[in-house]
Amino acid sequence: MSSLYALAGGGPAMERLCTRFYELLFADAILTPLFHDQGEEHAERLALWLTVLLGGPPLHTQERGGFVVMRGAHNGLKITEEQRAAWAGHMRQAALDCELPLEFQ
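Residues numbered from 1 in each chain as written. Predicted model: local features only at pLDDT ≥ 70, side-chain atom pairs only at ≥ 80, totals over all residues. Heavy atoms only, no water.

(A) Looking closely at the packing of aromatic side chains. In the structure shown here, the tally under the stated rule is three aromatic pairs. Aromatic pair Phe-21 and Tyr-22: ring centres 5.0 Å apart, planes at 80°, arrangement edge-to-face. Both residues of the pair, Phe-21 and Tyr-22, belong to the buried class. Here the aromatic rings of Tyr-22 and Phe-26 are separated by 5.5 Å at their centres, their planes lie at 35°, and the arrangement is tilted. By relative accessible area, Tyr-22 is classed as buried at 10%. By the ring-pair criterion, three or more aromatic residues cluster together here, those being Phe-21, Tyr-22, Phe-26 and Trp-87. (Phe/Tyr/Trp six-rings, centres within 6.5 Å; stacked < 30°, edge-to-face > 60°. Buried < 20%, exposed > 50% of the residue type's maximum accessible area, 1.4 Å probe, protein only.)

(B) Looking closely at the side chain of Gln-83. Relative to the helices and strands, Gln-83 is located in helix H6 (residues 81–97). Look at Gln-83 and you get buried, because its relative accessible area is 10%. Polar contacts involving the side chain of Gln-83 include one to the main-chain amide nitrogen of Thr-80, which spans 2.8 Å. Not counting the four nearest positions on each side in its chain, Gln-83 is found in contact with Ile-30, Leu-31, Leu-34 and Lys-78. (Helix = DSSP H or I, 4+ residues; strand = E, 2+ residues; numbered from the N terminus. Polar contact = N/O pair within 3.5 Å; in protein donor to acceptor, adjacent residues only side chain to side chain. Contact = heavy atoms within 4.5 Å.)

Right, dumping it as structure tokens:
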């Protein structure tokens, strides 16, 4: 495979992964305080971001401004180590639930 993005299955896989991830996240009292509005299109934006990070097309950069925008959106949130670990755990569980290839996980 040429990238983790391709290994996962491209855009449709990123969308499934991020949709499942946010289902898990919004059920977690440790993480929900970080989000102002559960109705926002978090999964779509994360899928765009992961697409760039994992070697896919630079959609987030083109459509949303890339790293500068992501850094600005998260700056000042005072994310704790417990929240970081929960985020990573939910992402791992989402990858498992979506049955992404083990090499990707």
